[in-house]
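Reading the structure
Here is how the chains run, residue by residue.
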Amino acid sequence: MKKLAIFLGSSLVLTLVLYEIVDYLTPGSPSAEMTLLLAGIAMVLVWVAQCAISMNRRTKKSGAPVVH
């Protein structure tokens, strides 16, 4: 439940940030389709970030060498 709340909250905030950027860069407000596209992009970015953080934590706990 906690991971879902973090995912949804982060996705919502990132969607709003992307919406404001698009609103600032283009004349007029973004359409509903553009808003859905921004929400999809935000969800994918948050999911990728969560996967990267989870993988990083797992490699640190297992004691495997972390390659940079």
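To be clear, the structure that these remarks concern was listed above.
As a starting point, this report considers the structure included with it. (Residues numbered from 1 in each chain as written. Predicted model: local features only at pLDDT ≥ 70, side-chain atom pairs only at ≥ 80, totals over all residues. Heavy atoms only, no water.)

1. Observations regarding the overall build of the chain
Scanning the chain from terminus to terminus reveals two helices and zero strands. Classification of the 68 residues of the chain by burial places 15% in the buried group. Entry remark: accessible area of the chain is about 5,700 Å², with carbon and sulfur atoms responsible for 73%. (Helix = DSSP H or I, 4+ residues; strand = E, 2+ residues; numbered from the N terminus. Buried < 20%, exposed > 50% of the residue type's maximum accessible area, 1.4 Å probe, protein only. Areas by Shrake-Rupley, 256 points an atom, 1.4 Å probe, with all protein chains shown as cover.)

2. Side note on helix 1 (residues 2-25)
The terminal C-alpha atoms of helix 1, which comprises 24 residues, lie 35 Å apart, in line with the 34 Å expected from a rise of 1.5 Å per residue. Turning to helix 1, its buried residues are F7, S11, T15, L18 and V22. (Expected span 1.5 Å × (residues − 1).)

3. Observations regarding the side chain of T15
Locating T15 in the fold gives a position in helix 1. Residue T15 is classed as buried on the basis of its relative accessible area of 13%. Once you skip the residues sitting within four places of it in the chain, T15 turns out to touch L38, A39 and A42. (Contact = heavy atoms within 4.5 Å.)

4. Remarks on the layout of surface pockets
Here the largest pocket is characterised by a volume of approximately 290 Å³. The wall of the largest pocket is formed by K2, K3, I6, Q50, I53, S54 and R57. Only helix 1 and helix 2 (32-62) provide two or more residues apiece to the lining of the largest pocket. Looking at the lining of the largest pocket, the element that brings in the most residues is helix 2, giving four residues. (1 Å grid on protein atoms, 1.4 Å probe; cavity = no way out; pocket = protein on both sides within 12 Å on 5 of 7 lines; lining within 4 Å. Points joined across faces, edges and corners; volume = space filled by probe spheres on them.)

5. What about the environment of L14?
With respect to the secondary-structure elements, L14 resides in helix 1. Taking the relative accessible area as the measure of exposure, L14 reaches 25% and is therefore partly exposed. Measuring from C-alpha to C-alpha, the distance between L14 and A42 comes to 5.7 Å, with 28 residues separating the pair along the chain. In contact with L14, other than residues within four places in its own chain, are A42, L45 and V46.

Nothing here speaks to function; it is all geometry.
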